Amino acid sequence: MSFSIEERGRPNTQDYRVFFKNSDGKYISPFHDVPIYANEAENIFHAIIEVPRWTNAKMEIATGDPLNPLKQDVKKGNLRFVANVFPHKGYIWNYGAIPQTWEDPNHKDSDTGCCGDNDPIDICDIGNKVCSRGEIIKVKVLGTLALIDEGETDWKVIVINTEDPEAGDFNDINDVRRLKPGYLEATVDWFRRYKVPDGKPENQFAFNGDFKDRDFAIQTVKSTHEFWKALITKKSDAGGLNCMNTSVSHSPFCCSAAEAEAVVKSVIDKWFYYDK
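Residues numbered from 1 in each chain as written. Predicted model: local features only at pLDDT ≥ 70, side-chain atom pairs only at ≥ 80, totals over all residues. Heavy atoms only, no water.

## With respect to the side chain of glutamine 100
Stage number 1. In this structure, glutamine 100 sits in the loop between strand 10 (94-97) and strand 11 (122-125).
Stage number 2. Residue classification places glutamine 100 among the buried positions, given a relative accessible area of 10%.
Stage number 3. Looking at glutamine 100, its side chain comes within polar contact range of the main-chain oxygen of histidine 32, at 2.9 Å.
Stage number 4. Each residue touching glutamine 100, except ones within four places of it in the same chain, is listed here: Phe31, His32, Asp33, Val34, Pro35, Ile36, Thr224, His225 and Trp228. (Helix = DSSP H or I, 4+ residues; strand = E, 2+ residues; numbered from the N terminus. Buried < 20%, exposed > 50% of the residue type's maximum accessible area, 1.4 Å probe, protein only. Polar contact = N/O pair within 3.5 Å; in protein donor to acceptor, adjacent residues only side chain to side chain. Contact = heavy atoms within 4.5 Å.)

Below, the structure is given as structure tokens:
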């Protein structure tokens, strides 16, 4: 299974979008149409890279937009860039999300005591490769950190790209602690302080900021997949989320490839866009 991207608009503007296509060149939603599993039997997951390592633009899956392209977050009318918080430069991993997952804002997590943040579950890829914006990779789950962001549960799942030459050495969170000393501590530090330059308080964590292991993390990912199943079949309230998709045939939000293309065309026709 292969995917491609199509950039529309000029980067670093509010019109910039990254749309996704399947192997047939048809528009799809990265949120709903990219399968969660790359290999279910081995618990290998797909991950959408939103923010490549060392970069600062806060790109994200536009969960409220038709077909959920990537776009840059906007705060108070301005494009959002994450500050460099010494000694870190931008994001310190490839940052993204696992498709077909959803942290349900109406579900209070029994471990954290907080409801979900209404987004797909986040990943931090610790592999050596600096990925590209919109790249879809296959990942092994190693563990997870439970960030409490403004009172919401916001899981950060630590993963490694299966194509990384060292991927075979990493199978659980303790392998990260042993083979990449300081990386987990830096991760906690980054998430604790990255909003401070914007005038916000430090973030808090469940479990005293300790990482949970691989099995716990995989179960967390799978539970958010179940929440997504309820979302995409309209058994849960979608609120402001857009569930338009082209592949979940039993979903009331499923549309044809032609309808998806028409949606993209209606969006880009509003702009004077720059093609690379």
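## Side note on the pattern of salt bridges
Two side chains with opposite charge may pair up if their charged atoms get near one another.
Stage number 1. Under the criterion given, the structure shown has 16 salt bridges.
Stage number 2. Two residues, lysine 195 and aspartate 149, come together in a salt bridge whose shortest N-O distance is 2.8 Å. Taken together, the positions of lysine 195 in the loop between helix 2 (183-193) and strand 14 (204-205) and aspartate 149 in strand 12 (residues 136-149) put the pair 46 residues apart, joining distant regions of the chain. Like lysine 195, the residue aspartate 149 is buried in the burial classification.
Stage number 3. In this structure, arginine 178 and aspartate 175 form a salt bridge, with 3.0 Å as the shortest nitrogen-oxygen distance. Here arginine 178 and its partner aspartate 175 are both found in helix 1 (residues 173-179), 3 residues apart, which amounts to about one turn of the helix. (Salt bridge = Lys/Arg side-chain N within 4 Å of Asp/Glu carboxyl O.)

## Some words on the side chain of aspartate 104
Stage number 1. Note that aspartate 104 resides in the loop between strand 10 and strand 11.
Stage number 2. Despite its burial, aspartate 104 pairs with no opposite charge, the nearest such side chain being lysine 235 at 13 Å.
Stage number 3. Excluding residues that lie within four positions of it along the chain, aspartate 104 makes contacts with Cys115, Gly116, Phe227 and Ser236. (Lys, Arg positive; Asp, Glu negative; His and termini not counted.)

## Re unusual backbone geometry
Most peptide bonds take the trans form, and the phi angle of most residues other than glycine is negative.
Stage number 1. Looking along the chain, the bond that leaves phenylalanine 86 and enters proline 87 is cis, with omega of 5 degrees.
Stage number 2. When you line up the elements, proline 87 lands in the loop between strand 9 (78-79) and strand 10.
Stage number 3. The backbone phi angle of leucine 67 is positive, close to 65 degrees, even though this residue is not glycine.
Stage number 4. If you trace the backbone, leucine 67 turns up in the loop between strand 6 (59-61) and strand 7 (70-72).
Stage number 5. A residue is classified by how much of its surface remains accessible, and leucine 67, at 1% relative accessible area, is buried.

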